[in-house]
Amino acid sequence: MSHHKGSTVFWLLAVVMVVALVLMPLTACGKGTPKATTEPIRVGVLFSATGSYAQFGEWGRKAVLFAIDEVNAEGGIKGRPIKAFIYDDESKPDLSTSLTKKLIQQDQVVAIIGPASALVHAGVAAVANDLKVPVVAVNGGFVTVIRKELWPYNFTSWYDGNNIGLGLLQYFRSKGVTRFAAFCMTGFESIVDNLKAMGKAMGMELTIAAFQPATDVDATPSILKIKATNPEMIINIVTGPLSIAFFNGTEQQGLKVPIGVMGANVTPQAFKGVDPALTGRMFEVQGRGLDYKGLKDDDPFKPFLTQLNATYRARTGANMNYYEAVAYDAALPVITALKAVGPDPQKIRDHIEKGQKNLMGASGFYWNKSPEDHQGGNLIDTVATLWDVKAGSFKFITYMTDIRAQLKSQGIPIIESLEAFSGAK
Amino acid sequence: MEMVLPGLFTALAWGGTYALLGLGFSIIYQASKVINLAQGEFAMLGGLVLYALFVNLRIPLPLAVPVAIIVGVVASIALLRLLIQPLLSTNLWRQSPTFSMILLTLGATFIFGGIARIFWGTDVYPVRHFFGSQPLHILGASIVPQNVFILVLTFVVLSLILVFFRYTTLGKAMMATADNRLVASLMGINTNTIILLAFSLSGALGALGGIAFAPLTQMSSGSGHWFLFKGVVAALVGGLGNIYGPVLGGLALGAIEVVVRLLLPAGPLGQLADAIVFGGVMVMFLVRPTGLAGGKAG
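The rules we used
Residues numbered from 1 in each chain as written. Chains lettered and ligands numbered in written order. Predicted model: local features only at pLDDT ≥ 70, side-chain atom pairs only at ≥ 80, totals over all residues. Heavy atoms only, no water. Helix = DSSP H or I, 4+ residues; strand = E, 2+ residues; numbered from the N terminus. Rg over C-alpha atoms; globule rule 2.2 N^0.38 Å. Contact = heavy atoms within 4.5 Å. Lys, Arg positive; Asp, Glu negative; His and termini not counted. Charge placed at Lys NZ, Arg CZ, Asp CG, Glu CD. Axes fitted to C-alpha atoms, helices over the stretch in contact; angles between N-to-C directions. Parallel < 35°, antiparallel > 145°, perpendicular 65-115°, else oblique. Left-handed = near helix turned anticlockwise from the far one by under 90°. Nonpolar A, V, L, I, M, F, W, Y, C, P; charged D, E, K, R; others polar. Pairing = 2+ DSSP bridges. pLDDT = per-residue confidence, 0-100. 1 Å grid on protein atoms, 1.4 Å probe; cavity = no way out; pocket = protein on both sides within 12 Å on 5 of 7 lines; lining within 4 Å. Points joined across faces, edges and corners; volume = space filled by probe spheres on them. Buried area = accessible area lost by both parts, 1.4 Å probe. Salt bridge = Lys/Arg side-chain N within 4 Å of Asp/Glu carboxyl O. Polar contact = N/O pair within 3.5 Å; in protein donor to acceptor, adjacent residues only side chain to side chain. Buried < 20%, exposed > 50% of the residue type's maximum accessible area, 1.4 Å probe, protein only.

A. Examining the overall build of chain B more closely. Along chain B, the regular secondary structure elements total twelve helices and four strands. Taking 2.2 N^0.38 as the reference for a compact globule, 298 residues should give roughly 19 Å; the C-alpha atoms of chain B span a radius of gyration of 19 Å, in line with that estimate. Judged by the C-alpha coordinates and their principal axes, chain B covers about 60 × 50 × 40 Å. Within chain B, residue pairs in contact and separated by at least 24 positions form 72% of the contacts whose partners lie at least 6 positions apart. Once the 13 positive and 6 negative side-chain charges of chain B are each reduced to a mean point, those two points are 14 Å apart.

B. The packing of helix α6 (residues 161-174) of chain A against helix α13 (residues 400-409) of chain A, seen in detail. Residue and element names in this part refer to chain A. It is the contact of α6 with α13, at a shortest axis distance of 9 Å, that shows an interaxial angle of 50 degrees. If you check the angle between α6 and α13, you find them oblique. Classified by chirality, the crossing of α13 by α6 is left-handed. Side by side, α6 and α13 meet where Gly167, Gln170, Tyr171, Arg173 and Ser174 of the first sit next to Met400, Ile403, Arg404, Gln406 and Leu407 of the second. Looking at the contact of α6 with α13, its residues break down into four nonpolar, four polar and two charged.

C. Focus on the sheet that holds strand β14 (residues 393-399) of chain A. All names here are of chain A. Pairing in this open sheet of seven strands is mixed, and the strands run β7-β6-β8-β9-β10-β13-β14 from one edge to the other. Bordering the open sheet on either side are β7 (205-212) and β14, each of which pairs with just one other strand. Put simply, the sheet's adjacent strands are angled 25 degrees from each other on average, direction ignored. Sheet analysis places strand β6 (residues 179-185) next to strand β8 (residues 233-237), joined by five bridges and oriented parallel. Within β8, the residue paired with phenylalanine 180 across the bridge is methionine 233. Its contacts with the sheet place helix α8 (residues 220-228) against β6, β7 and β8, and it is angled at close to 165 degrees to β7.

D. Structural view of the confidence of the model for chain A. Summing up the model confidence of chain A, the mean pLDDT is 89 and the portion of residues at 70 or higher is 91%. Counting interchain partners and residues more than four positions distant, the pLDDT-below-50 stretch residues 23-35 of chain A has zero contacts.

E. Fine view of the layout of surface pockets. Within this model, the second largest pocket holds a volume of roughly 560 Å³. Lining the second largest pocket are 30 residues, with Asn248(A), Gly273(A), Val274(A), Asp275(A) and Pro126(B) positioned closest to its centre. Elements that contribute at least two residues to the lining of the second largest pocket include exactly α9 (241-252) of chain A together with α2 (39-56) of chain B. Tallied by class, residues from the lining of the second largest pocket come to 15 nonpolar, eleven polar and four charged.

F. Expanded view of the interface of chain A and chain B. With 30 residues of chain A at the interface, the matching set in chain B holds 32 residues. Taken as a group, Val217(A), Gln252(A) and Lys272(A) account for 23% of the area that chain A buries against chain B, more than any other trio of residues on that side. Between Asp216(A) and Arg261(B) there is a salt bridge, and its shortest N-O distance comes to 2.3 Å. Summed over the shared surface of chain A and chain B, the result is five residue pairs in polar contact (both at pLDDT 80 or more). Counting residues per element, the ones that place at least two in the side of chain A that touches chain B are α2 (54-73), β7, α8 and α9 of chain A.

G. Inspection of the environment of Gly114(B) at higher detail. By the secondary structure assignment, Gly114(B) is in helix α5 (residues 97-120). Residues Gly114(B) and Tyr18(B), spaced 96 residues apart in sequence, show a C-alpha to C-alpha distance of 24 Å.

H. Here's a closer look at the sheet that holds strand β1 (residues 41-47) of chain A. All names here are of chain A. On the basis of which strands lie adjacent, the open sheet formed by five strands has the order β2-β1-β3-β4-β5 and parallel pairing. Looking along the sheet, the strands with just one partner apiece sit at the ends: β2 (82-88) and β5 (154-156). With direction set aside, neighbouring strand axes in the sheet form an average angle of 25 degrees. Relative to strand β4 (residues 135-137), strand β3 (residues 111-113) is paired through two bridges, and the arrangement is parallel. Looking at the pairing, isoleucine 113 lines up with valine 136 of β4.

I. Examining the side chain of Glu324(A) more closely. All names here are of chain A. Of note, glutamate 324 is situated in helix α11 (residues 322-341). Relative accessible area serves as the criterion here: at 2%, glutamate 324 is assigned to the buried category. A polar contact is formed between the side chain of glutamate 324 and the side chain of tyrosine 312, at a distance of 3.3 Å. The residues touching glutamate 324, leaving out its near neighbours within four places in the chain, are Trp59, Lys62, Ala63, Tyr312 and Asn319.

J. Structural view of empty space enclosed by the protein. All names here are of chain B. Summed over all chains, the structure comprises two cavities of 30 Å³ or more. Here the largest cavity is characterised by a volume of approximately 60 Å³. Along its surface, the largest cavity is lined by Ile27, Gln30, Ala31, Phe165, Met174, Met175, Ala178 and Ile243. At the level of elements, α1 (4-32) and α7 (169-179) are the ones that each hand at least two residues to the lining of the largest cavity. Classifying every residue of the lining of the largest cavity by side-chain character gives seven nonpolar, one polar and no charged.

In structure tokens, the structure reads:
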């Protein structure tokens, strides 16, 4: 009997111990729960504050912090605010590499937003991929600069420049242009090769591609070469001071043909110094955010962008320029993923790549990233605009859908995108 | 002719600017043997101050230009008085005069760049053309008036400098100091004053280069390195031995750069534009180590 009693006590004690062991961590968890739910979600914000890309970095940081502040003002994500760990990459790829390590290993961020250029992103990409933390950069040269094996954890919010070039060709082709020239920085030959091939498929001839080093400050030699070939329009694939020298130089050399502008020339500041005489001959194809006020009233982006810009203006005291809109679109997928799957880097990456469909962006694109496309825009979402030098703003001209309808009516083949076009390099 | 004449004027304008920058670099080197890597910063300051006065405050050009030049001069004197002269009393300079001076003037580029960033940030600033942007039509070609202006300015400035060195006592004293500082000192020349004058002149020439070239491009607090590079190459190509050197070097560099850009086809060869230019410079150094104008290499 006593043996039986002893056995019962033993089993009772055993059960109590097992229950206690099981409950102990849960109790501890229970005690920590309120702390864990309010603990900030750590996100890296990597932009240049100094160096060549400081201006872009300033815009990028401002827009990303606005997006984060918006979330925090609404109470955070499930009660947890987003804490931004902000660093200046000084426009240097090598520094961006060490800062990315610091963000991931020391600050333990779950995602990184930025940097502001392809060159600096090149310093970030491999580390982010190795340490498996997603990066959404504001990188216009993503396809050209970031090797495909590094794509898994690297994304960008810029729509591909090659396709912007295609959009410009389609706009000008719909206006009857058949001869175009290109002005390009040395090192970007592949973009010109693609333009040449896609233009040829649409019945357009590239008369000349004039190249100059980005460090040049005067574009006269290229203008003289282009002028000698008598093109009907020019595509400019240069940014910075050399592009302004080029625009103004065409006026001075009497080369008064339309110019399709590619690259990061998407803000009024980028056109500072352009001769007002160029009004009426500078064109851009970009997302609808370039001139949301000019969109049709039934365009769903019009109320969305009007509201977003009003909030931005109220909070920052200034209008959201297009570069800031693109940077906002870098924060958008990270925030969307955090809301959907929580602060787990792997889940955030997967959600950005596969879980976000038709995400409405500030730049005016529906973002649909996929394993094959870590940029995610579609040329059909773009609009053609005119840069009004005197007014200092972009003016909506027409939708890409209308441009393509016009091309179709003229019997000109429609190329959907560079990816869908087999003739390009 | 449509391409040749504008190309020629472009080459001369680029070359003229490089000549002014190179001359400023050379004058300091001759007078003090200081390799002044901050020379480009005077051009940057000249261009940005011109923007502030001429574009922002709408001060007429005849007033804005002298003020911008004075800023260049003040910056150059500040470099001499606040950085270079204190260095001369240190052990670092005694142990390694050339290296320490290069390091110091390189550091000065960041100081000047940083100061400019306080006032102008990292933005770029366009200066409108002095005589309008409409081209002059000469022999059927379009010539940019600013290019003609740079050409005339370079010619006038160089003529004045030549007259200064050849026909004024101060200029001759400066030449004597450049030739042999110790002997000049023994002959009663106040070499410290001469060096101060050399730095002032160099600051003025640098600022003038920035002022003249600003309308052809855009100025920013980071422009100094570009101006420095061109100025140093102009001075070395022409030779540091006499004042003709940087002028010849600048014009040669401008001409080669424009010709290479005009003639090189697109593609891989086009990527070598600057490599070809500086390959030519290297060959020139091998053939004429003292530079195009000859004289002492320093």
